[in-house]
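Results of the structural survey
Here's the letter readout for the chains.
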Amino acid sequence: MTVLVGYLPTPEGEAAFAAALDEAARRREPLLLINSPRGGAPVSTDVAAPDHLAVLLAKAAEVGVALEIRQNSHAGEFSDTLLATADEAGASVIVIGLRRRSPVGKLFLGSTAQQILLNADRPILAVKPPHR
């Protein structure tokens, strides 16, 4: 079993990573981080830089959690990639970050988050970044 986190270098991604790291430590399971750019994109802000990933690895090491990072590009929807990875890795839980939304915006979840929540066959931990 492993804890799986979908990660972007954003406040939502940082909140998801922190929650996933806590969950992995609590469960005594390794942590698998997916930071996947869309295939064929000439430039992607979704990809975490190597020095940023080094910080995440150090945070995991501090609490004794084994962290594996995958940055393979994906085609199609990221939700499909994340759910397929959850099956392949035998994930016990999937952790995702959510953006804060206005009252009107709450009528609609982001399409990726919505697809993960609707199609996952295992627990999902959805977190928001601290309110600024």
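Structure report, in brief. Computed from a predicted model, the values in this text were never measured in an experiment.

For the rest of this paragraph, the subject is the overall build of the protein. A count of helices and strands for the protein gives four helices and five strands. For the protein, the α and β elements follow one another from N to C terminus as β-α-β-α-β-α-β-α-β. Taken over 132 residues, the protein has a buried fraction of 39%. For the protein, the proportion of contacts with a sequence separation of at least 24, taken over those separated by at least 6, is 77%. Summed over all atoms, the accessible surface of the protein reaches about 7,400 Å², with 56% contributed by carbon and sulfur.

With respect to the helices and strands, the residue alanine 84 is situated in helix 3 (residues 78–89). On the basis of relative accessible area, alanine 84 is assigned to the partly exposed category, the value being 44%. For the pair alanine 84 and alanine 120, spaced 36 residues apart in the sequence, the C-alpha separation amounts to 9.6 Å.

What follows deals with helix 1 (residues 11–27). Residues that lie three or four places apart on an α-helix share one face, since the helix turns once every 3.6 residues. Helix length check: helix 1 (17 residues) gives 24 Å between terminal C-alpha atoms against 24 Å at 1.5 Å per residue, within 8%. Against the buried residues of helix 1 lie strand 1 (2–6), strand 2 (31–34), helix 2 (50–62), strand 3 (67–70), strand 4 (91–97) and strand 5 (124–127). With its phi angle positive at about 60°, arginine 28 sits one or two positions after the end of helix 1.

Of all five residues making up strand 1, five are buried, and the element is well covered by its neighbours. By the alternation rule, side chains of strand 1 split into Thr2, Leu4 and Gly6 and Val3 and Val5, which are all buried. Of the strand pairs in this sheet, strand 1 and strand 4 are connected by four bridges, and their pairing is parallel. Looking across to strand 4, one finds that leucine 4 is bridged to isoleucine 94.

All right, on to unusual backbone geometry then. Phi is positive for arginine 28, close to 60°, though the residue is something other than glycine. Residue arginine 28 is classed as exposed on the basis of its relative accessible area of 77%.

Another point: the nonpolar core. Core analysis: the largest hydrophobic core is formed by 21 residues, its most contacted members being Phe17 and Leu31. Put simply, the parts of the chain that give this core at least two residues each are strand 1, helix 1, strand 2, helix 2 and strand 4. With seven residues, the top contributor of residues to this core is helix 1. Excluding its chain neighbours within four sequence positions, the residues that come into contact with phenylalanine 17 are Val5, Tyr7, Leu31, Leu33, Leu56, Lys59 and Leu67. Leu32, Ile34, Phe78 and Ile116 belong to the second-largest nonpolar core, a separate cluster that totals 14 residues.

The subject of this paragraph is the packing of helix 3 against helix 4 (residues 111–119). Remark: helix 3 packs on helix 4, axes separated minimally by 8 Å, with the N-to-C direction vectors making an angle of 35°. Where helix 3 crosses over helix 4, the handedness of that crossing is right-handed. In this structure, helix 3 contributes Phe78, Ser79, Leu82 and Leu83 to the contact, and helix 4 contributes Thr112, Gln115, Ile116 and Asn119. For the contact of helix 3 with helix 4, the residue count by class is four nonpolar, four polar and no charged.

Reading the values: rules and limits
Residues numbered from 1 in each chain as written. Predicted model: local features only at pLDDT ≥ 70, side-chain atom pairs only at ≥ 80, totals over all residues. Heavy atoms only, no water. Helix = DSSP H or I, 4+ residues; strand = E, 2+ residues; numbered from the N terminus. Buried < 20%, exposed > 50% of the residue type's maximum accessible area, 1.4 Å probe, protein only. Contact = heavy atoms within 4.5 Å. Areas by Shrake-Rupley, 256 points an atom, 1.4 Å probe, with all protein chains shown as cover. Expected span 1.5 Å × (residues − 1). Pairing = 2+ DSSP bridges. Core = buried A, V, L, I, M, F, W, Y, C linked by side-chain atoms within 4.5 Å. Axes fitted to C-alpha atoms, helices over the stretch in contact; angles between N-to-C directions. Left-handed = near helix turned anticlockwise from the far one by under 90°. Nonpolar A, V, L, I, M, F, W, Y, C, P; charged D, E, K, R; others polar.

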